[in-house]
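One letter stands for each residue in the lines below.
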Amino acid sequence: APTAARRWAAAARPRDAERARALAEVALHGACAARELDAVSKTGFGGDGGDGESTLTVRVAARARTVTASYERDECVIEMVLAHDAAHPFRAIAVDFGAHQGVDEKTARRWSLRLRAGAEASSVKAAVLDWRKGVDLEFEGVEPCPICYGVLHPKSKRLPHLECATCHNKYHASCLAHWFSTSNKHLCAICQTEFVAARPAKKERESTEGPALYDEDELD
């Protein structure tokens with residue numbers, strides 16, 4: 001419902017969208033934001049990742065309307081702060097990184113953009129859990145898609161697998177299709193050469209015969 005509300009506000013006439021925001025903020029006193037924050041506070045996020053490699057803690061500040069997700073792995077620590085506007089869900093959730101140790105600023109900013117995209121497409125709970133999975137995979141050596149900045153595709157939950165034969169960066173299929181459509185070109189987003197998909201190694205081709213993460217994304 002929050003995602004549908006934001007899409008409506010983006011497509012509506014500016015005056016109608018502003019009225020909806022005023023209703024949520026003034027008449028409802030931020031009740032929609034409070035409801036989502038309450039749902040997050042009652043959610044168990046699992047603590048460690050099951051393998052003991054990483055730890056996730058989530059704190060909710062109801063008055064400030066924020067959710068703070070703290071991720072720790074090895075000697076790296078990073079906090080992500082998701083701030084809800086009083087006009088939620090008719091205004092986007094703001095996401096920024098806080099304290100970060102062992103994580104460079106460029107990576108922290110990329111992770112915050114990925115988390116914001118996830119929060120826009122689903123609930124805060126789902127976005128935080130998917131973000132944690134993606135960060136775990138990056139620590140395990142999986143490179144993120146250069147277009148959406150994420151490892152897991154937000155809808156299909158699959159890994160980037162379409163590899164450029166020239167620069168060897170890997171993309172999600174739907175991200176690459178969107179890039180071709182909006183740029184009106186068939187060029188790699190990174191090296192800007194004509195995109196030709198590299199043929200996967202035999203072992204990787206065999207691994208995709210079952211229900212693997214490397215299957216084709218659902219194009220939308």
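The shown structure was predicted, so the numbers you read here are calculated from the model rather than taken from an experiment.

Basis of the calculations
Residues numbered from 1 in each chain as written. Predicted model: local features only at pLDDT ≥ 70, side-chain atom pairs only at ≥ 80, totals over all residues. Heavy atoms only, no water. Helix = DSSP H or I, 4+ residues; strand = E, 2+ residues; numbered from the N terminus. Buried < 20%, exposed > 50% of the residue type's maximum accessible area, 1.4 Å probe, protein only. Contact = heavy atoms within 4.5 Å. Areas by Shrake-Rupley, 256 points an atom, 1.4 Å probe, with all protein chains shown as cover. Axes fitted to C-alpha atoms, helices over the stretch in contact; angles between N-to-C directions. Left-handed = near helix turned anticlockwise from the far one by under 90°. Nonpolar A, V, L, I, M, F, W, Y, C, P; charged D, E, K, R; others polar. Core = buried A, V, L, I, M, F, W, Y, C linked by side-chain atoms within 4.5 Å. Phe/Tyr/Trp six-rings, centres within 6.5 Å; stacked < 30°, edge-to-face > 60°. Pairing = 2+ DSSP bridges.

Attention now moves to the overall build of the protein chain. Check the secondary structure of the protein chain and you find 7 helices and 6 strands. Mapped in sequence order, the helices and strands of the protein chain form the string α-α-α-β-β-β-β-α-α-β-β-α-α. Within the span of the protein chain, comprising 220 residues, buried residues form 37% of the whole. In the protein chain, 50% of the contacts between residues at least 6 apart in sequence involve partners at least 24 apart. Here the protein chain displays about 12300 Å² of accessible surface, and carbon together with sulfur accounts for 52% of that area.

Moving on, we come to the packing of helix α4 (residues 105–121) against helix α5 (residues 124–139). A packed helix pair is summarised by two numbers, namely the angle formed by the two axes and the spacing between the axes. Closest axis-to-axis distance for the α4/α5 pair is 9 Å, and the angle between their directions is 145°. Between α4 and α5 lies a crossing of right-handed hand. The segment α4 lies against α5, with R110, W111, L115, G118 and A119 engaging A127, V128, W131, V135, E138 and F139. Here the contact of α4 with α5 is built from residues that sort into 8 nonpolar, 1 polar and 2 charged.

Here we come to the nonpolar core. Burial of nonpolar side chains together is a common tendency in soluble globular proteins. If you look at the biggest cluster of nonpolar residues, it comprises 24 residues, and the most contacted ones within it are I78, L82, L115, V128 and W131. For this core, the secondary structure elements donating two or more residues are α3 (31–41), β2 (66–73), β3 (76–83), β4 (94–101), α4 and α5. Of the residues forming this core, the biggest block, 5 residues, is contributed by α5. Setting aside its immediate chain neighbours within four residues, V128 contacts F45, L56, V58, A69, L82 and L115. Residues C145, Y171, C175 and F195 belong to the second largest nonpolar core, which totals 10 residues.

Let's shift gears to the packing of aromatic side chains. All told, the structure shown has 5 aromatic pairs when counted by the stated rule. Both rings, one in W8 and one in F90, keep their centres 6.0 Å apart while their planes meet at 75°; by these two values the pair is edge-to-face. Placement of W8 in helix α1 (residues 2–11) and of F90 in the loop between β3 and β4 is noted, with a sequence separation of 82 residues between them. Its relative accessible area of 40% is what places W8 among the partly exposed residues. Between Y171 and F195 the ring centres are 6.0 Å apart and the planes differ by 80°, which places this aromatic pair in the edge-to-face class. Of the two residues, Y171 is situated in strand β6 (residues 170–171) and F195 in the loop between α6 (173–183) and α7 (202–207); the sequence distance between them amounts to 24 residues. Y171 gets classed as buried once you look at its relative accessible area, which sits at 0%. Classification of F195 by relative accessible area gives buried; the value is 8%.

Take the pairing of strand β1 (residues 54–61) next. Sheet analysis places β1 next to β2, joined by 8 bridges and oriented antiparallel. If you follow A61 over to β2, its bridge partner there is T66. Linkage of β1 to β2, two consecutive antiparallel strands, is achieved through a turn of 4 residues, within which R65 is found at a positive phi near 60°.

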